[in-house]
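If you want the building blocks of each chain, they are given just below.
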Amino acid sequence: MRKAVIAGNWKMHMTCAEARAFAEAFRPLVSSLPADRDVVLAPPFTAISTLATALDGSGIHLASQNVHWEGKGAFTGEIAPAMLLELGVSHAIVGHSEPRKYFSESDEQINRRARAAQSAGLVPIVCVGESDGQRESGETERVIRRQVEQGLDGLDTNHLIVAYEPIWAIGTGKTCEAVEANRICGLIRSWVGNPEVVIQYGGSVNPATIDQLMIQPEIDGVLVGGASLDPIGFARIANYQAPVSA
Ligand code: PGA
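How each quantity is defined
Residues numbered from 1 in each chain as written. Predicted model: local features only at pLDDT ≥ 70, side-chain atom pairs only at ≥ 80, totals over all residues. Heavy atoms only, no water. Near = heavy atom within 4 Å. Areas by Shrake-Rupley, 256 points an atom, 1.4 Å probe, with all protein chains shown as cover. Nonpolar A, V, L, I, M, F, W, Y, C, P; charged D, E, K, R; others polar. Phe/Tyr/Trp six-rings, centres within 6.5 Å; stacked < 30°, edge-to-face > 60°. Helix = DSSP H or I, 4+ residues; strand = E, 2+ residues; numbered from the N terminus. Lys NZ or Arg CZ within 6 Å of the ring centre and 35° of its normal. 1 Å grid on protein atoms, 1.4 Å probe; cavity = no way out; pocket = protein on both sides within 12 Å on 5 of 7 lines; lining within 4 Å. Points joined across faces, edges and corners; volume = space filled by probe spheres on them. Buried < 20%, exposed > 50% of the residue type's maximum accessible area, 1.4 Å probe, protein only. Pairing = 2+ DSSP bridges.

Engineer: Pulling in residues and values, what's your account of the site of the ligand?
Structural biologist: Close to the ligand lie 13 residues, the nearest being Lys-11, His-96, Glu-165, Gly-171 and Ser-204. Look at the ligand: alone it shows 280 Å² of surface, and the protein chains cover 95% of it. For the shell around the ligand, the class distribution of residues is four nonpolar, seven polar and two charged.

Engineer: Please give an account of the packing of aromatic side chains that cites residues and values.
Structural biologist: A full pass over the atoms with the stated rule returns four aromatic pairs. Ring geometry for Phe-22 versus Phe-26: centroids 5.0 Å apart, planes at 35°, classification tilted. Note that Phe-22 and Phe-26 are positioned in helix H1 (residues 16–26) at a spacing of four residues, about one turn of the helix. Connected via pairs of aromatic rings, a cluster forms that spans Trp-10, Phe-22, Phe-26 and Phe-234. Over the ring of Tyr-240 we find Arg-37, and its NZ or CZ is 3.6 Å from the ring centre.

Engineer: Provide a residue-level description of the layout of surface pockets, including the pertinent values.
Structural biologist: Estimated volume of the largest pocket: approximately 650 Å³. Lining the largest pocket are 24 residues, with Phe-45, Gln-65, Asn-66, Pro-99 and Phe-103 positioned closest to its centre. With three residues, helix H4 (residues 97–102) is the single largest residue contributor to the lining of the largest pocket. Among the residues forming the lining of the largest pocket, the class breakdown is eleven nonpolar, eight polar and five charged.

Engineer: Quick rundown of the pairing of strand S5 (residues 123–128)? Include the residues and the values.
Structural biologist: Looking along a regular strand, one sees the side chains alternate between the two faces of the sheet. The element S5 is largely enclosed, with a buried count of five among its six residues. Where strand S4 (residues 91–94) meets S5, four bridges bridge the pair, whose relative direction is parallel. Paired with His-91 across the bridge in S5 is Val-123. As judged from the four bridges shared by S5 and strand S6 (residues 161–164), these two strands associate in the parallel manner. If you follow Ile-125 over to S6, its bridge partner there is Ile-161.

Following this line, the structure appears as structure tokens:
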């Protein structure tokens, strides 16, 4: 049975002091989660160490917001897998739509990042998703299939997560309709070709939409941006109500 993964992506938010305050408020609210789910937080690189200390013993996992494919070298602004592992990081987000958009990250680069992460022992969270225009012109399936095939090329699909994040739903308050998100996640599962692969939905997830999303059979968790910055709201998301059949 697939374990749900509830992940918070803090993007460029939270100083160390703010991360510490978040952890203090958040920890007690998620201290008795059901065993069917994992919680992951992806702070900025600068707050990883602080958060690792503040969450020590809580069972909450840490993710990086990106990772480079080289072990070290002249790559200003990048971070190597070993540097993250040393801090207790277990997951690495790659291919998020923001670096795809602002830094023109290609599927090939994303694949290199994911491969390096996986071979170092990190679980890559590979993000895929269509833009508004691509959805309107009927290209959704083709775009996501290409992102999945190129982004996951050569990866062990038992040790990765795919996050379906329609770009038009990110930070817009427009959550993709749960049934439609479920349909796309099901397609992704068939393209990955591994029924056990963990697939998240992301895009304006909040405490009011989480239960409806998690009831869907193909959705194994969520990747949450804005709503993960509030400890009470994110704790409500982590405490989503499991489907009756689980
Ligand atoms: P959002 O961001 O929840 O703020 O829409 C999701 C994401 O970018 O991962």
